[in-house]
Amino acid sequence: MKQYKIIVFILFSFLLSEVKIGHLNSALIINQLDETRQVYIQLEKEQKKAEVEYQNLESELDSLFTNYEQQKMLMSQDRKQQYENLIRNKQAEVQEFLYRLQGPEGDLVKLQNQLMAPVYKKIDEAIQKVAKKEGYDYVFDSSSGSILYGLEAHDITQRIVKELENSDSINE
């Protein structure tokens, strides 16, 4: 309910003042850029290389397991233990490979971020240029709901911080 009141207040404030607001769909912009297509092609190549490496690791694991299953009746207890450890180590290697590749800090994620950084910068520069040229006070991204551009004159961050500091000193 409190958020609803804030949104209504902001919208009402905008209606009373002469604030120019624009919005865009960044997902659509990103998908329409040739640079993005090139990034996705490069990422796809890297993904395919990784898939080949993963399939090789899985094949090694399957081979180890098949050999173990076929020969375990003839193996000594020590040899069984060694083979089981070998299989566990290979399973851990496969899991580590997947995490290193696709985890939150994975190689593919890092590569995507690295390759997309210039694209995001280009888009941001275009947003800033159009917003300033056409006199927008704010530009919102309709795909994420965030503010992409705002006039410094409308930024009340420091006043809020000061107010919070004042209220903290009063409460003490």
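Once a new chain begins, its residue numbering starts again from 1 and follows that chain's sequence as written. Totals for whole chains, interfaces and linings use every residue, but because this is a predicted model, local features are given only for residues with pLDDT of at least 70 and side-chain atom pairs only at 80 or more, for both listing and counting. Side-chain metrics in this entry use all non-hydrogen atoms of the structure; hydrogen atoms and water are not considered.

A. Here's a closer look at the nonpolar core. Grouping buried Ala, Val, Leu, Ile, Met, Phe, Trp, Tyr and Cys residues that are joined through side-chain atoms within 4.5 Å yields what is termed a nonpolar core. Buried, partly exposed and exposed residues are distinguished by accessible area as a fraction of the type maximum, computed with a 1.4 Å probe on protein chains only: under 20%, between the cut-offs, and over 50%, respectively. Counting 13 residues, the largest nonpolar core has Val39, Val119 and Ile123 as its most contacted members. Strands here mean DSSP runs of E at least two residues long; helices mean DSSP runs of H or I at least four residues long; both are numbered from the N terminus. For this core, the elements supplying multiple residues, two or more each, are α3 (34-71) and α5 (107-133). Ranked by the residues each element gives to this core, the list is headed by α5, at 7 residues. Each residue touching isoleucine 123, except ones within four places of it in the same chain, is listed here: Ile29, Ile30 and Leu33. By definition in these notes, contact holds between two residues if any of their heavy atoms fall within 4.5 Å.

B. Layout of the pattern of salt bridges. Whenever Lys or Arg places a side-chain nitrogen within 4 Å of a carboxyl oxygen from Asp or Glu, that contact is recorded as a salt bridge. For the structure on display, the rule yields 7 salt bridges. Among the ionic pairs, arginine 37 bridges to aspartate 34, the shortest N-O distance being 2.5 Å. Of the two residues, arginine 37 and aspartate 34 both sit in helix α3, 3 residues apart, roughly one turn of that helix. Relative accessible area serves as the criterion here: at 40%, arginine 37 is assigned to the partly exposed category. In this structure, the salt-bridge partner of glutamate 93 is lysine 90, at a minimum N-O distance of 3.2 Å. Here lysine 90 and glutamate 93 lie together in helix α4 (residues 77-102), a separation of 3 residues that amounts to about one turn. Residue glutamate 93 is classed as partly exposed on the basis of its relative accessible area of 37%. Note on lysine 90: relative accessible area 12%, which makes it buried.

C. View of α5. Multiplying 1.5 Å by the helix residue count minus one yields the expected span of that helix. If you check α5, its first and last C-alpha atoms are 39 Å apart, about what 27 residues at 1.5 Å a residue would give, namely 39 Å. Along α5, the sharpest change in direction is near 35° and occurs at methionine 116; proline proline 118 comes one to four residues later. Turning to α5, its buried residues are Leu108, Leu111, Leu115, Met116, Val119, Ile123, Ile127 and Ala131. Directly after α5, the chain includes glycine 135, whose backbone phi takes a positive value near 75°. To get the bend at a given residue, fit one axis to the seven residues ending there, fit another to the seven starting there, and take the angle between those axes.

D. Expanded view of the packing of aromatic side chains. Ring pairs shown here join Phe, Tyr and Trp side chains whose ring centres sit within 6.5 Å, with only the six-membered ring taken for Trp; geometry is labelled stacked below 30 degrees between planes, edge-to-face above 60, and tilted in between. Scanning the entire structure with this criterion turns up 2 aromatic pairs. Here the basic side chain of lysine 20 rests over the ring of tyrosine 136, its NZ or CZ set 4.6 Å away from the ring centre. Lysine and arginine charges are scored as sitting over a ring when NZ or CZ, respectively, is within 6 Å of the ring centre and within 35 degrees of the ring normal.

E. Inspection of the packing of α3 against α4 at higher detail. Only the stretch in contact is used when fitting a helix axis, every axis being a line fitted to C-alpha atoms; angles between N-to-C directions are given from 0 to 180 degrees. Running from N to C, α3 and α4 cross one another at 165°; their axes reach a closest spacing of 10 Å. Comparing the axis directions of α3 and α4 gives the class roughly antiparallel. For the pair α3 and α4, the sense of crossing is left-handed. Polar here means any residue other than Ala, Val, Leu, Ile, Met, Phe, Trp, Tyr, Cys and Pro, which are nonpolar, and Asp, Glu, Lys and Arg, which are charged; Gly is therefore polar. Here the residues of the contact of α3 with α4 are counted per class, giving 14 nonpolar, 4 polar and 8 charged. Relative orientations are named as follows: roughly parallel for angles under 35 degrees, roughly antiparallel for angles over 145 degrees, roughly perpendicular for angles from 65 to 115 degrees, and oblique for any other angle. With the far helix as reference, a near helix turned anticlockwise by less than a right angle produces a left-handed crossing, and one turned clockwise produces a right-handed crossing.

F. The packing of α3 against α5, seen in detail. The N-to-C vectors of α3 and α5 enclose an angle of 170°; their axes lie 10 Å apart at closest approach. What the angle tells us is that α3 and α5 run roughly antiparallel. Where α3 approaches α5, its residues Glu35, Thr36, Val39, Tyr40, Gln42, Leu43, Glu46 and Gln47 are matched on the opposing element by Leu108, Leu111, Gln112, Leu115, Met116, Val119 and Lys122. Tallied by class, the residues present in the contact of α3 with α5 amount to 8 nonpolar, 4 polar and 3 charged.

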